[in-house]
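Listed here are the chains, written in short residue letters.
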Amino acid sequence: MARFEILHNPRCGKSRQTLARLTDAGIEPVVIEYLTAPPTKTRLQEIVTLLGFDDPRQLMRTKEPVYAELGLAKVNDPQKLLAAMVANPILIERPIVIKDGKRAVLGRPPENVDPLL
């Protein structure tokens, strides 16, 4: 049986839709409310890699006010970007669905999870 995880924000419509898509497919994922239980820097780096991203910034919500407040547009050090997301989990794009710890997709739009099902 495949193991699914979702980094989820229950206040986000796309995140709720993605979770519903999983449960409608008969999947009961491990739900990680990342705003209250943020991933570690190491885990975030793993997720960036699983998503196939070259740069942690691809996982960031660059329109969040804290992104500008911290001057992150000028930061080019991947470790500093990861640390900023750990310290300010609102910066992490959502939702992220991970299957068996080997594949991951951003659930924006929710249909992005279909290849994992």
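Shown above is the structure to which this text applies.
Residues numbered from 1 in each chain as written. Predicted model: local features only at pLDDT ≥ 70, side-chain atom pairs only at ≥ 80, totals over all residues. Heavy atoms only, no water.

Attention shifts here to the side chain of Lys99. Among the structural elements, Lys99 can be located in strand S3 (residues 96–99). Asp100 provides the closest opposite charge to the buried, unpaired Lys99, separated from it by 5.1 Å. Apart from the residues within four sequence positions on either side, Lys99 is in contact with Ala2, Arg3, Phe4 and Leu116. (Helix = DSSP H or I, 4+ residues; strand = E, 2+ residues; numbered from the N terminus. Buried < 20%, exposed > 50% of the residue type's maximum accessible area, 1.4 Å probe, protein only. Lys, Arg positive; Asp, Glu negative; His and termini not counted. Salt bridge = Lys/Arg side-chain N within 4 Å of Asp/Glu carboxyl O. Contact = heavy atoms within 4.5 Å.)

Relative to the assigned elements, Val31 resides in strand S2 (residues 30–33). Remark: the alpha-carbon pair of Val31 and Phe4, spanning 27 residues in sequence, is separated by 8.7 Å. Ignoring any residue separated from it by four or fewer positions in sequence, one finds Val31 in contact with Ile6, His8 and Leu19.

Quick look at the sheet that holds strand S1 (residues 4–8) now. Read from one edge of the open sheet, 4 strands run S2-S1-S3-S4, paired in mixed fashion. Either end of the sheet is taken by a strand with one partner, and the two such strands are S2 and strand S4 (103–106). The sheet shows a mean angle of 20° between the axes of neighbouring strands, taken without regard to direction. Of the pairings in the sheet, the one linking S1 to S3 comprises 4 bridges and is antiparallel in character. The partner of Glu5 across the bridge, within S3, is Ile98. Packed onto the sheet, helix H1 (residues 13–24) meets S1, S2 and S3 and runs at close to 165° relative to S1. Running over the sheet, helix H2 (residues 41–51) touches S1, S3 and S4 and is turned about 85° from S4. (Pairing = 2+ DSSP bridges. Axes fitted to C-alpha atoms, helices over the stretch in contact; angles between N-to-C directions.)

Moving on, we get to helix H4 (residues 78–87). Restricting attention to buried positions, one finds in H4 the residues Leu81, Leu82, Ala84 and Met85. Within H4, the buried residues cover an arc of 155° as seen down the axis, which keeps them to one side. Opposite the packed face of H4, turned more than 90 degrees from it, sit the exposed residues Lys80 and Ala87. Each element contacted by the buried residues of H4 is listed here: H2. (Arc of directions from axis to C-beta.)

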